[in-house]
Amino acid sequence: MKLLTALTASLVSVLTLVAADKEPTAFDLMKEGNRYVGEQAKDRVVEVRSERSVGTLAPKVWHVIYHDPTARMKAVEVKFAAGKMVDVKRPFRLFERIGDGSQPMDKDKLKIDSDKAIEIALKEPMLADIQVKSVEAKLEKSDTGPVWRLRLWAQKLVDENETAGIGEIVLAADDGKVIDSDIKLGRLD
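Residues numbered from 1 in each chain as written. Predicted model: local features only at pLDDT ≥ 70, side-chain atom pairs only at ≥ 80, totals over all residues. Heavy atoms only, no water.

### Side note on the overall build of the protein
No. 1: Looking only at helices and strands, the protein has four helices and eight strands in total.
No. 2: Helices and strands in the protein line up, N terminus first, as α-α-β-β-β-β-α-α-β-β-β-β.
No. 3: The buried share among the 189 residues of the protein stands at 38%.
No. 4: By element, 53% of the accessible surface of the protein is carried by carbon and sulfur atoms, the whole surface being about 11100 Å². (Helix = DSSP H or I, 4+ residues; strand = E, 2+ residues; numbered from the N terminus. Buried < 20%, exposed > 50% of the residue type's maximum accessible area, 1.4 Å probe, protein only. Areas by Shrake-Rupley, 256 points an atom, 1.4 Å probe, with all protein chains shown as cover.)

Okay, structure coming up:
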């Protein structure tokens, strides 16, 4: 019994270390961002976007924008770098305020997280023999519900040290189905 308890404790500590090395996903940061906004904005996410990933396919810098009815432009943005909050501001979002861009996304339709969205995009048949090197992700509203818009950069064919933007893939955030694919492999020459 002592051996089983010791093995269980060891397994838990190893799994904790592995989980600690994992980059936080967009959904993780949406929850974490609630700590830095007022009660009126918690869980009222309007948009989540990353900066282009570097050295990995998991972006390290994310911006989570919440609907805040008390803010002048009805938004508060929390910026994260490597899972840590680095800035909170109230961005100027005039165009989003005019349209429906300031209203929060339907949480019930947010089922595909950023890591899974990237995984789905990379399984597209067109990318089978392509070395995708970096990703920029954006979770936003559309007419059909929340979507992931993923911009991709891949290794060039001629010079392996260079990358080129090859386009974007859009997929539904509720079921992961690819809605649109605008990949241009000719840019890799």
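### Some points on helix H2 (residues 26–33)
No. 1: Three or more residues of H2 are buried, namely Ala26, Phe27, Leu29, Met30 and Gly33. The buried residues of H2 occupy one face: seen down the axis, they fall within an arc of 160°.
No. 2: Buried residues in H2 make contact with strand S1 (45–50), strand S2 (61–67), strand S3 (75–81), helix H4 (114–122), strand S5 (132–140) and strand S6 (147–155). (Arc of directions from axis to C-beta. Contact = heavy atoms within 4.5 Å.)

### Considering the side chain of serine 50
No. 1: Tracing the backbone through its elements, the reader meets serine 50 in strand S1.
No. 2: Serine 50 sits in the buried class, given a relative accessible area of 5%.
No. 3: Excluding anything up to four places from it in sequence, serine 50 contacts Pro59, Val61, Trp62, Val135, Glu136 and Ala137.

### Notes on the packing of aromatic side chains
No. 1: Applying the stated criterion across every chain yields a total of two aromatic pairs.
No. 2: Aromatic pair tyrosine 36 and phenylalanine 80: ring centres 6.4 Å apart, planes at 70°, arrangement edge-to-face. On the criterion of sequence distance, the pair formed by tyrosine 36 in the loop between H2 and S1 and phenylalanine 80 in strand S3 is long-range, its members being 44 residues apart.
No. 3: Exposure remark for tyrosine 36: the relative accessible area of 27% places this residue in the partly exposed category. (Phe/Tyr/Trp six-rings, centres within 6.5 Å; stacked < 30°, edge-to-face > 60°.)

### As for the pairing of S5
No. 1: In this structure, S1 lies alongside S5, joined through two bridges in antiparallel fashion. Across the sheet, residue valine 48 finds its bridge partner in S5, namely leucine 139.
No. 2: Bridge count for S5 against S6 is eight bridges, and the pairing is antiparallel. Looking at S6, one finds that glutamate 136 is bridged to arginine 151. (Pairing = 2+ DSSP bridges.)

### Some remarks on H4
No. 1: Among the residues making up H4, those that are buried are Ser114, Ala117, Ile118, Ile120 and Ala121. When H4 is viewed along its axis, its buried side chains cluster within an angular range of 160° and face the same direction.
No. 2: Buried residues in H4 make contact with H2, S2, S5, S6, strand S7 (163–172) and strand S8 (178–183).

### Looking at the sheet that holds S6
No. 1: Strand order in the open sheet formed by eight strands is S4-S3-S2-S1-S5-S6-S7-S8, with antiparallel pairing between adjacent strands. Looking at which strands have only one partner, the edges of the open sheet turn out to be strand S4 (84–89) and S8. Going across the sheet, the axis of each strand differs from the next one's by a mean of 15°, ignoring polarity.
No. 2: Sheet topology places S7 next to S8; five bridges connect them, and they run antiparallel. In the sheet register, valine 170 faces S8, and the bridge partner there is aspartate 180.
No. 3: In the packing of H4 onto the sheet, the strands contacted are S2, S5, S6, S7 and S8, and the crossing angle to S6 comes to about 55°. (Axes fitted to C-alpha atoms, helices over the stretch in contact; angles between N-to-C directions.)

### Focus: the pairing of S1
No. 1: With five of six residues buried, S1 is to be regarded as a mostly interior element.
No. 2: Bridge analysis of S1 against S2 gives five bridges, and the strand direction is antiparallel. When the bridges of S2 are listed, valine 45 appears paired with tyrosine 66.

No statement about biological role is implied by the geometric values presented.
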